[in-house]
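Structural description and commentary
Each chain is listed here by its residues.
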Amino acid sequence: MRARYLLALFLILLVLGFEVQGAQEHEAASTTLLTQVQESLLSYWDSAKAAAQDLYKKTYLSTMDEKLRDMYSKSTAAVSTYTEILTDQLLSLLKGDQ
């Protein structure tokens, strides 16, 4: 079973090695695939971020913002309280009766 994994890993590394050699040969002529993918992802990210910011600016309501901030602070306070209780319980469980 382990030999199969090692063989599969060896074959994958061998194929990737050939891909790298081929990419190095073509690198001078054109940009690499990785660079193209990175540029494409960055452009998608920038356009999505700009669209989200525009949407936020259009739908911004100060009262709603205050309600969201209040809800966030109350929920984080509750979560931190329950996390502290859980931590105390786990520590007392691990220490046992001393």
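Residues numbered from 1 in each chain as written. Predicted model: local features only at pLDDT ≥ 70, side-chain atom pairs only at ≥ 80, totals over all residues. Heavy atoms only, no water.

With that out of the way, let us pick up the overall build of the protein. Along the protein, the regular secondary structure elements total 3 helices and 0 strands. When its helices and strands are written in sequence order, the protein yields α-α-α. Burial analysis of the protein (98 residues in total) assigns 1% to the buried set. Approximately 9,600 Å² of the protein is accessible, and the part contributed by carbon and sulfur atoms is 65%. (Helix = DSSP H or I, 4+ residues; strand = E, 2+ residues; numbered from the N terminus. Buried < 20%, exposed > 50% of the residue type's maximum accessible area, 1.4 Å probe, protein only. Areas by Shrake-Rupley, 256 points an atom, 1.4 Å probe, with all protein chains shown as cover.)

It is worth spelling out helix 3 (residues 62-95) at this point. An ideal rise of 1.5 Å per residue puts 50 Å on 34 residues; helix 3 measures up with 49 Å between its terminal C-alpha atoms. Gly96 sits one or two positions beyond helix 3 and adopts a positive phi of about 80 degrees. (Expected span 1.5 Å × (residues − 1).)

The next subject is the pattern of salt bridges. This structure, assessed with the given rule, holds 1 salt bridge. The salt bridge involving Lys74 is made with Asp70; its shortest N-O contact spans 3.4 Å. Note that Lys74 and Asp70 are positioned in helix 3 at a spacing of 4 residues, about one turn of the helix. (Salt bridge = Lys/Arg side-chain N within 4 Å of Asp/Glu carboxyl O.)

Quick look at the confidence of the model for the protein now. Averaged over every residue, the pLDDT of the protein is 78; residues scoring 70 or more account for 81%. Across the protein, the secondary-structure element scoring lowest on mean pLDDT is helix 1 (residues 2-26), at 67, and the one scoring highest is helix 3, at 87. (pLDDT = per-residue confidence, 0-100.)

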